[in-house]
Amino acid sequence: MMTSKKKKGIIWGSVAVVLIVAVIVVLVCFVRFAPKINNELFKSITPVQYEVARDFSEGYAAVKVGDQWGFIDINGDLVIEAKYEGTGAFSEGLCAVQQDGKWGFIDTAGNMVIAPAYTSVGIFSEGYCVVRSGNYYGYINAQGEEITRLVYESAQKFSEGLAAVEYGGVWGFIDTTGKLAVELKWGAGTEFHEGLAEAFSPDETNNLSGFIDSTGALVIAADYVDANAFSEGLSAVMVKSETEENTHVWGFIDKTGVVVIDPQYEAVWDFKNGYARYGYATSQSTYMYGYLDSSGTERTDMIYQYAYDFSEGLARVAKKDEAGMVKWGFLDEDFSEKIALTYDEAKDFSEGYAPVRVGEKWGLIDAQGNLVLDPVFDEINTFRNGCALVEFDGKYGYIKIK
């Protein structure tokens, strides 16, 4: 005969089992399973499993496994062992990695080709890289040979065969042999673009900017309060307003220094793909935007809360709808709204697709505005090397264009 205590034990045991099952059911209902993509256009190449991950560059993406970094290829395979404390991105076939607190470089096979010896490093550009040891900078080549001593207070990457360096509080330029090609006398270090670099001398130009050529000759007079690098044959320059006191305005000059778009704008951005954005500030960090062409014709009014450069023939823009909500879409090069401004957020087109956010989730559209991947991820980055970084529930993985 079963005792009362035994009966109570069985009853309480059954209740406990029921409660445990109920808790498991509730937890399962609230668990979010990361989407795995496999359709006619895209497929997942890794699970959404990484705590930290980065975009692809030159066919490889850095991923963190535990507390170490390694690299996957475009098939999602871990091809460079996760054994580095830190990493950069591949550039010109080499990538910075950190071991024992120092930085060196590996190649795409994972071979350590430049031993870790530096406090910090940049990326390779035109075959050379800025490196720092302690507080001083210099340059190495792809074989790890130092082409300069590490004596500079600051240094920029090579551009058009020259690199800006600072010594004694003034700037000049070195060539790829490490020799000084432009005298150390300038007030800032900029990069050469289209054969010219913005420069000013506290002694000679009263801190006004002009442009030097690769010999260091001032070929565009220092008449500007500020100036941007040349892009598509034009440079944005700032001057004092002739009509409003204590106000500065922006316009554009060509490479001979001739003004081609009169200074009249509160803000402008560089020409890209034939067009430049112009705007005015509504607060310290917020603008309203429109678009100019290279003749100075205003192709749109300043009607957009956000506007970006053209990419693959489309420019992403945003403005408020009738309900006061900011909505995103895309303009074509006729400045028609090719893709209606209906999205809660958007990123640029890359490799034929653009990430868009609907509510809290991100999907993908094609250049015709078709939704080709339903909004299922917490975030999607733009495609690089045919692959895009995706995020779900705080972890990262990758999808690939088939």
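Residues numbered from 1 in each chain as written. Predicted model: local features only at pLDDT ≥ 70, side-chain atom pairs only at ≥ 80, totals over all residues. Heavy atoms only, no water.

Side note on the overall build of the protein chain
So, step 1. When helices and strands are counted, the protein chain shows one helix and 37 strands.
So, step 2. Since a compact globule built from 402 residues should have a radius of gyration of about 21 Å, the 28 Å found for the protein chain marks it as more spread out than a globular shape.
So, step 3. In terms of overall dimensions, the protein chain has C-alpha extents of about 110 × 60 × 40 Å along its principal axes.
So, step 4. Residues classed as buried in the protein chain amount to 43% of the 402 residues present. (Helix = DSSP H or I, 4+ residues; strand = E, 2+ residues; numbered from the N terminus. Rg over C-alpha atoms; globule rule 2.2 N^0.38 Å. Buried < 20%, exposed > 50% of the residue type's maximum accessible area, 1.4 Å probe, protein only.)

Observations regarding the sheet that holds strand E6 (residues 86-87)
So, step 1. The strand order across the open sheet built from four strands is E6-E7-E8-E9, with neighbouring strands paired in antiparallel fashion. Unpaired on one side and paired on the other, E6 and strand E9 (112-118) mark the two borders of the sheet. (Pairing = 2+ DSSP bridges.)

A closer look at the pairing of strand E14 (residues 163-167)
So, step 1. Judged by how many residues are buried, E14 sits mostly within the fold: four of five residues are covered.
So, step 2. Of the strand pairs in this sheet, E14 and strand E15 (residues 170-174) are connected by five bridges, and their pairing is antiparallel. For Ala164, the partnering residue across the bridge sits in E15 and is Phe173.
So, step 3. In textbook terms, the turn of a hairpin is the stretch between consecutive antiparallel strands, and for E14 and E15 this stretch comprises two residues, one of which, Gly168, has a positive phi near 65°.

Things to note about the sheet that holds strand E33 (residues 361-366)
Where strands meet in a sheet, backbone hydrogen bonds hold them as pairs that are either parallel or antiparallel.
So, step 1. Pairing within the open sheet is antiparallel, and its four strands lie in the order E31-E32-E33-E34. Two strands bound the open sheet, and with one partner strand each, they are strand E31 (345-346) and strand E34 (371-377).
So, step 2. Relative to E33, strand E32 (residues 353-358) is paired through six bridges, and the arrangement is antiparallel. Paired with Val356 across the strands is Gly363, a residue of E33.

Here we look at the nonpolar core
So, step 1. Ranked by internal contacts, the top residues of the largest apolar core, which has 15 residues, are Phe42, Leu364, Leu373, Phe377, Ile380, Phe383 and Ile399.
So, step 2. Elements with a contribution of two residues or more to this core: E33, E34 and strand E36 (387-392).
So, step 3. Ignoring anything within four residues of it in the chain, the contact list for Phe42 reads Ile37, Tyr353, Leu364, Val372, Leu373, Phe383, Lys400, Ile401 and Lys402.
So, step 4. Formed by twelve residues, the second largest nonpolar core is a distinct cluster that contains Leu234, Phe252, Val268 and Phe271. (Core = buried A, V, L, I, M, F, W, Y, C linked by side-chain atoms within 4.5 Å. Contact = heavy atoms within 4.5 Å.)

Re the side chain of Ser235
So, step 1. Take Ser235: it is sitting in strand E21 (residues 234-240).
So, step 2. There is a polar contact of 2.6 Å between the side chain of Ser235 and the backbone oxygen of Asn228. (Polar contact = N/O pair within 3.5 Å; in protein donor to acceptor, adjacent residues only side chain to side chain.)

What is shown is where atoms sit, not what they do.
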